[in-house]
Amino acid sequence: MPTSKPEKEPTPRVDALHEAARLISSERNVHYGPPSENFDRIARLWSVILGTKISMEDVAMCMVALKMARYASKSGYQPDTWIDIAGYAGCGYEVGLMEKEEKTLAN
């Protein structure tokens, strides 16, 4: 299987991921707290509203779906949507890992 060498110049895809990383590790943490706190708060509220258990990882997936639905309702390129989806993916990965570790410890 051929392997490719890392590109010397940043590409738009890498720039978008860096921007998502910057947002989820600085501004959003300051405003809303870390994903574990914010997504747990959202999950508890949604669980009451929906009458079913919602996990922090579910919150991340639903936020990605929200961004996709908003994107589908407009025409044209929306760069902030792609960056937000990348950010929610990173947060979902983190809180999903935390939930998995908590389940492992509980068993």
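Reading the values: the criteria
- Residues numbered from 1 in each chain as written.
- Predicted model: local features only at pLDDT ≥ 70, side-chain atom pairs only at ≥ 80, totals over all residues.
- Heavy atoms only, no water.
- Core = buried A, V, L, I, M, F, W, Y, C linked by side-chain atoms within 4.5 Å.
- Buried < 20%, exposed > 50% of the residue type's maximum accessible area, 1.4 Å probe, protein only.
- Helix = DSSP H or I, 4+ residues; strand = E, 2+ residues; numbered from the N terminus.
- Phe/Tyr/Trp six-rings, centres within 6.5 Å; stacked < 30°, edge-to-face > 60°.

**Looking at the nonpolar core**
Looking at soluble globular proteins, one finds that nonpolar side chains tend to be buried together. Ranked by size, the top nonpolar core spans 10 residues in total: Phe39, Ile42, Ala43, Ile54, Met56, Val59, Ala60, Met63, Cys91 and Val95. Those elements that provide at least two residues to this core are helix H3 (35-50), helix H4 (56-72) and helix H5 (79-106).

**Re the packing of aromatic side chains**
The final tally for this structure, using the stated rule, is 2 aromatic pairs. On the basis of an interplanar angle of 40° and a centroid distance of 6.5 Å, the ring pair of Phe39 and Tyr88 is categorised as tilted. With Phe39 in helix H3 and Tyr88 in helix H5, the pair connects residues that are 49 residues apart, well separated along the chain. In this structure Tyr88 comes out as partly exposed when scored by relative accessible area, which is 21%.

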